[in-house]
Amino acid sequence: MAMRVVVVGGVAGGASTAARLRRLTETASITVFEKSGYVSFANCGLPYYIGGEVPQWSKLQITNPEKLYGRFNLDIQINKEVVGIDRVAKTVSVKDTVTGEMKTQEYDQLVLSVGCEAIVPKAIPGISRLGHFTLKTMEDTAAVEQHISTAHPEKIVVCGGGFIGLEIAEQLVNRSFKVSIV
């Protein structure tokens, strides 16, 4: 029986790991579970899409499940979130983020490449109200762009002065918004 590898998380780490595993072994069954709708996209390009320097949404998407299957024989399952791991039984519990349907997947080897999550300090009053966003995923980018296009804010506060924070601030200034970085 072929070795069964499950990779939790796509994008840079998970998709790259799965492709490298395929180069190391042609016989393994490799499944990647990605909770968002995109398995591989240009993370660093997200602010530039909002700023208009990347003019097309499709330019952010590096590849898709069909291409990864065709090139590397990888079973890429988007909109699937791993919500549990049973290390003794060597299974993962997977939730379809669209339908809510649950399933169990067996594995011989497990790779965790879930990335990070933005710290959103819930103790700050009003932090979860409309118009507050994180910028990590394609879905986040679409939400920010939609809000800007429909709400037409005059002032925008960017919390975080890392690369993404500075890049989104620059792009928003280029779109004539008054921007403060905290």
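Residues numbered from 1 in each chain as written. Predicted model: local features only at pLDDT ≥ 70, side-chain atom pairs only at ≥ 80, totals over all residues. Heavy atoms only, no water.

A word on the pattern of salt bridges
Counted according to the given criterion, the structure contains 4 salt bridges. Its salt-bridge partner being Glu 106, residue Arg 4 comes within 2.7 Å of it at the nearest N-O pair. In this pair, Arg 4 sits in strand E1 (residues 4-8) while Glu 106 sits in strand E8 (residues 102-106), placing the two residues 102 residues apart along the sequence. Given the relative accessible area of 46%, Glu 106 is considered partly exposed. The salt bridge involving Asp 108 is made with Arg 4; its shortest N-O contact spans 3.0 Å. Placement of Asp 108 in the loop between E8 and strand E9 (109-112) and of Arg 4 in strand E1 is noted, with a sequence separation of 104 residues between them. In the salt-bridge network here, residues are joined through shared partners; they are Arg 4, Glu 106 and Asp 108. (Salt bridge = Lys/Arg side-chain N within 4 Å of Asp/Glu carboxyl O. Helix = DSSP H or I, 4+ residues; strand = E, 2+ residues; numbered from the N terminus. Buried < 20%, exposed > 50% of the residue type's maximum accessible area, 1.4 Å probe, protein only.)

Notes on the packing of aromatic side chains
Taken as a whole and judged by the stated rule, the model has 2 aromatic pairs. A centroid spacing of 6.1 Å and a plane angle of 75° characterise the contact between Tyr 38 and Trp 57, whose relative ring orientation is edge-to-face. Of this pair, Tyr 38 sits in the loop between strand E2 (29-34) and strand E3 (40-41) while Trp 57 sits in the loop between helix H2 (46-51) and strand E4 (61-63), and the two are 19 residues apart along the sequence. Classification of Trp 57 by relative accessible area gives partly exposed; the value is 26%. Three or more aromatic residues joined by ring pairs form one cluster here, namely Tyr 38, Tyr 49 and Trp 57. (Phe/Tyr/Trp six-rings, centres within 6.5 Å; stacked < 30°, edge-to-face > 60°.)

Side note on the side chain of Gln 77
Along the chain, Gln 77 falls in strand E5 (residues 75-78). Here Lys 103 takes part through its side chain, which lies 2.8 Å from a polar atom of the side chain of Gln 77. With residues up to four places along the chain from it excluded, the contact list for Gln 77 reads Thr 31, Val 32, Phe 33, Glu 34 and Lys 103. (Polar contact = N/O pair within 3.5 Å; in protein donor to acceptor, adjacent residues only side chain to side chain. Contact = heavy atoms within 4.5 Å.)

Here's the deal with the sheet that holds E8
Through backbone hydrogen bonds, the strands of a sheet pair up, either in parallel or in antiparallel fashion. Ordered by their spatial adjacency, 3 strands build an open sheet running E6-E7-E8, and the pairing between neighbours is antiparallel. A single partner strand is all that each edge strand has here, and the edge strands are strand E6 (80-86) and E8. The sheet shows a mean angle of 30° between the axes of neighbouring strands, taken without regard to direction. As defined by bridge partners, E6 adjoins strand E7 (residues 91-96) across 6 bridges and the pair is classed as antiparallel. Looking at the pairing, Gly 84 lines up with Ser 93 of E7. (Pairing = 2+ DSSP bridges. Axes fitted to C-alpha atoms, helices over the stretch in contact; angles between N-to-C directions.)

Quick notes on the nonpolar core
Val 5, Val 7, Ala 18, Ala 19, Ala 28, Ile 30, Val 32, Val 39, Leu 68, Phe 72, Leu 74 and Ile 76 together form the largest nonpolar core, which totals 12 residues. Taken together, the elements giving at least two residues each to this core come down to E1, helix H1 (11-24), E2 and helix H3 (65-72). The residues contacting Ala 18, other than those within four sequence positions of it, are Val 7, Ile 30, Val 32 and Leu 74. Counting 9 residues, the second-largest nonpolar core is a separate cluster that includes Ile 50, Val 144, Leu 172 and Phe 177. (Core = buried A, V, L, I, M, F, W, Y, C linked by side-chain atoms within 4.5 Å.)

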